[in-house]
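Tertiary structure, described
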Amino acid sequence: LFHLIMGIVFPAQGEIFFKGEEVSGRSGYTRLRQGIGLLFQDADDQLFSPTVLEDVAFGPLNMGVGKKEAVRTAEKTLANLGLEKFGGRITHKLSGGEKKLVSLATILAMEPDLLLLDEPTNNLDPETRSRLIEILSSLSTGYVIISHDWDFLADTSDELYSMQPGRITECT
C-alpha cells in the first residue's frame, strides 16, 4: 500500500489523490513525495550519512533549503525529539531503537503533511517503543501506520482498519 501511495509501484487500476488532486506524472509524484514522510520498517534502509546531524539535514537540503538552515532545522528537530546529544554520533553505531528515532527525525525535519509508518515498533525495546508512542501522540501531523502490534495501534490510533485481499475494512 505504501509503495502505491509513494509511487514506487503504480496502480494497475484506479487513481491516487493527495490533497484533493489526482497524482500523475513525474511532477505529481514529486509533489506527493515532498508532502509525505515515509518511515521504513528497517531503519538501516533509511540512514546513510556518516553522522546523525548529516542524516537529519539531508531531507531539507534535498528540498532546496540552504546548508545553514538545514543544519538549524536538523538541530531543532533532534532537540524536539530529545535527541539533541545525537548530532555528532556515527549513524551506523546507533542501537536499533536509536536508529528508529533518528529515522523519524529525518522525515520530521522535512515537515511533511502526512507520515507513513511501516511497522514502526519492529525490534524496539519497551523504552523506545514508549518514547515512540509519546512522540506520535505529541504530533499535529497525521499519520498512517502499518503494524501487527495491536497494542501499539491502540495506543496511537483513533481508527483501525484491516487489509483483506483486495479490500480495506474498518475494525470495530
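Scroll up for the structure.
A brief structural summary. (Residues numbered from 1 in each chain as written. Predicted model: local features only at pLDDT ≥ 70, side-chain atom pairs only at ≥ 80, totals over all residues. Heavy atoms only, no water.)

Let's shift gears to unusual backbone geometry. One non-glycine residue with positive phi stands out, namely Lys 19, at about 55°. Mapped onto the elements, Lys 19 comes out in the loop between strand E1 (17-18) and strand E2 (21-22). With a relative accessible area of 59%, Lys 19 lands in the exposed category. (Helix = DSSP H or I, 4+ residues; strand = E, 2+ residues; numbered from the N terminus. Buried < 20%, exposed > 50% of the residue type's maximum accessible area, 1.4 Å probe, protein only.)

Close contact between helix H3 (residues 52-62) and helix H5 (residues 96-108) brings their axes to 7 Å; oriented N to C, the two are set at 30°. Like other packed secondary-structure pairs, H3 and H5 cross with a definite hand, here right-handed. Between H3 and H5, the residues in contact are Val 52, Asp 55 and Val 56 and Val 102, Ala 105 and Thr 106, respectively. (Axes fitted to C-alpha atoms, helices over the stretch in contact; angles between N-to-C directions. Left-handed = near helix turned anticlockwise from the far one by under 90°. Contact = heavy atoms within 4.5 Å.)

Glancing now at the pairing of strand E6 (residues 161-164). The sheet contact formed by E6 and strand E7 (residues 167-170) spans four bridges and is antiparallel. Paired with Ser 162 across the bridge in E7 is Thr 169. Between the antiparallel neighbours E6 and E7 lie two residues, among them Gly 166 with a positive phi of about 80°. (Pairing = 2+ DSSP bridges.)

With that settled, consider the side chain of Ser 49. With respect to the secondary-structure elements, Ser 49 resides in the loop between strand E3 (36-39) and H3. The exposure class assigned to Ser 49 is buried, which follows from its relative accessible area of 12%. Those residues in contact with Ser 49 that sit more than four places away from it in its chain are Glu 54, Asp 55 and Thr 91.

Here we take up the nonpolar core. Counting 29 residues, the largest nonpolar core has Val 52, Val 56, Leu 83, Val 102, Leu 104 and Leu 117 as the members making the most contacts within it. Every element with two or more residues in this core is listed here: H3, helix H4 (67-80), H5, strand E4 (114-118), helix H6 (126-138) and helix H7 (150-156). For this core, the leading source of residues is H5, giving six residues. Within the second largest apolar cluster, 10 residues are counted, among which are Met 6, Ile 16, Tyr 29 and Leu 32. (Core = buried A, V, L, I, M, F, W, Y, C linked by side-chain atoms within 4.5 Å.)

Quick look at the sheet that holds E4 now. Working definition: the strands of a sheet are paired by backbone hydrogen bonds and lie parallel or antiparallel to each other. Across the sheet, which stays open at both edges, the three strands sit in the order E3-E4-E5 with parallel pairing between neighbours. This sheet does not close on itself; its edge strands, each paired only once, are E3 and strand E5 (142-146). Going from strand to strand, the sheet's axes swing by 15° on average, the running direction of each strand aside. As judged from the four bridges shared by E3 and E4, these two strands associate in the parallel manner.

Another point: the packing of aromatic side chains. Within this structure, the stated rule accounts for two aromatic pairs. Measuring from centroid to centroid gives 5.3 Å for Phe 10 and Tyr 29, while their planes differ by 80°, and the two rings are edge-to-face. Of this pair, Phe 10 sits in the loop between helix H1 (2-6) and E1 while Tyr 29 sits in helix H2 (residues 25-35); the two residues are 19 residues apart in sequence, bridging distant segments of the chain. Measuring from centroid to centroid gives 4.9 Å for Phe 48 and Phe 58, while their planes differ by 85°, and the two rings are edge-to-face. Of this pair, Phe 48 sits in the loop between E3 and H3 while Phe 58 sits in helix H3; the two residues are 10 residues apart in sequence, bridging distant segments of the chain. (Phe/Tyr/Trp six-rings, centres within 6.5 Å; stacked < 30°, edge-to-face > 60°.)

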